[in-house]
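# Summary of structural features
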Amino acid sequence: NGPLGKNSCELINYFESKGGTPIELGDNPANWILRVVQDDSKTGDLAETYLESDQRNELMQELAVLLENPDPDAKVTVKSVYAVGRATRQLLVTKRLRTIYWRSTTYNLGRIMISLVMACLLGAVFITERTSLTYTEAETRARISVIFFSNIIVGIMS
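Residue numbers here run from 1 along each chain, matching the order of that chain's written sequence. Confidence filtering applies because this is a predicted model: local features only for residues at pLDDT of at least 70, side-chain atom pairs given and counted only at 80 or more, and all residues used for totals across whole chains, interfaces and linings. Calculated side-chain values reflect all of the structure's heavy atoms, with hydrogen atoms and water omitted.

## Details of a negative patch on the surface
Quick reminder of the rule: Two joining distances apply to patches: 9 Å for like charges and 5 Å for nonpolar side chains (Val, Leu, Ile, Met, Phe, Trp, Tyr), and every residue must have over 30% relative accessible area and no salt bridge. For the accessible areas, the method is Shrake-Rupley and the probe is 1.4 Å, while residue cover comes only from the protein chains on display. Salt-bridge detection follows one rule: a side-chain nitrogen of Lys or Arg within 4 Å of a carboxyl oxygen of Asp or Glu. For the purpose of counting charges, residues Lys and Arg are taken to be positive, whereas Asp and Glu are taken to be negative. His and the chain ends are not included. Where a charge sits is defined by one atom per residue type, namely NZ (Lys), CZ (Arg), CG (Asp) or CD (Glu). Numbering of helices and strands runs from the N terminus; a helix is a DSSP stretch of H or I covering at least four residues, while a strand is a stretch of E covering at least two.
Judged by side-chain charge, D40, D45, E48 and E52 come together as a negatively charged surface patch. Note on placement: D40 falls in helix α3 (residues 40–43).

## What to know about the confidence of the model for the protein chain
Stated precisely, the cut-off is as follows: What pLDDT reports is the predictor's confidence in each residue, on a scale of 0 through 100.
Scored by pLDDT, the protein chain has a mean of 85; 99% of the residues are at 70 or more. Averaged pLDDT values for the elements of the protein chain fall to 73 in α3 and rise to 93 in helix α6 (residues 86–103).

## Brief notes about the packing of aromatic side chains
Going by this rule: By convention, a stacked pair of Phe, Tyr or Trp rings (six-membered ring in the case of Trp) has centres within 6.5 Å and planes under 30 degrees apart, an edge-to-face pair has planes over 60 apart, and any other such pair is tilted. Exposure is judged per residue with a 1.4 Å probe applied to protein chains only, and the accessible area is read against the type maximum: over 50% gives exposed, under 20% gives buried, and values in between give partly exposed. When the NZ atom of lysine or the CZ atom of arginine is within 6 Å of a ring's centre and also within 35 degrees of its normal, the charge is said to sit over that ring.
Per the stated rule, a full pass over the model turns up two aromatic pairs. Between Y14 and F15 the ring centres are 5.2 Å apart and the planes differ by 85 degrees, which places this aromatic pair in the edge-to-face class. As far as the burial class goes, Y14 and F15 line up, both buried. Over the ring of Y82 we find R89; its NZ or CZ atom is 3.8 Å from the centre of that ring.

## Here we look at the nonpolar core
Generally speaking, nonpolar side chains in soluble globular proteins are found buried as a group. Basically, it comes down to this: Among the buried residues, those of types Ala, Val, Leu, Ile, Met, Phe, Trp, Tyr and Cys that are joined through side-chain atoms within 4.5 Å form a nonpolar core. Contact definition: two residues touch when any of their heavy atoms are within 4.5 Å.
Counting residues in hydrophobic clusters, the biggest one holds seven residues: I12, Y14, F15, W32, I33, V36 and L46. Contributing elements (two or more residues each) for this core: α1 (9–17) and α2 (29–38). Discounting residues that sit within four places of it in the chain, I12 has contacts with N7, I23, P29 and W32.

## A closer look at helix α5 (residues 54–68)
Using the following cut-off: The span you would expect from a helix comes to 1.5 Å times its residue count less one. Each polar contact in these results corresponds to two N or O atoms within 3.5 Å; when the atoms are within protein, one needs to be able to donate a hydrogen and the other to accept it, and residues that are neighboring in sequence are counted only if both atoms are side-chain atoms.
The end-to-end C-alpha separation of α5 is 21 Å, in line with the 21 Å expected for 15 residues at 1.5 Å each. Its side-chain oxygen at 3.3 Å from the backbone nitrogen of R56, S53 defines the N-terminal cap of α5.

## Quick look at the pattern of salt bridges
Taken as a whole, this structure holds two salt bridges when the rule is applied. Two residues, R35 and D27, come together in a salt bridge whose shortest N-O distance is 2.1 Å. Assessed through its relative accessible area of 43%, R35 is described here as partly exposed. For E137, the salt bridge is made with R141, and the minimal N-O distance between the two is 2.6 Å. Of this pair, E137 and R141 are both found in helix α8 (residues 137–157), four residues apart, which corresponds to roughly one turn of the helix. On the basis of relative accessibility, which here comes to 58%, the residue E137 falls in the exposed class.

Given below as structure tokens:
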């Protein structure tokens with residue numbers, strides 16, 4: 001419902017009266033309109049037809065009246081050029097880009113490859129001491145530090 005009528009009947013009647021092919025039962029009005037507008041052989045130049053139509057003349061008269069006597073209650077005022085503040089815009093753009101990155105196959109493949117390289121490098125630090133069954137406090141602290149360090153690197157990469 002609205003200016004186009006229930007189920008776009010006003011729009012359909014307008015284009016059918018201008019030579020458009022009749023809409024089929026169950027056809028989507030938006031798809032039908034695209035077909036009608038593309039088919040110039042039956043409808044002719046629809047832009048020219050509209051420029052010479054009564055609907056355009058009525059609309060132009062209505063607009064002239066509105067320009068001469070504007071309604072002060074209908075005036076739209078905005079605080080800024082943007083709908084939301086800078087921080088909100090930045091948050092929304094960052095969220096969108098993060099979603100794009102996480103869905104990107106090449107980005108995720110790159111992250112996995114870098115993680116594997118970092119795991120090999122950090123694991124190679126302790127390769128000579130892998131057979132030991134007991135560790136001193138310093139050796140244990142070193143291994144825990146490497147685990148912590150690797151988590152920071154992976155976190156920065158993500």
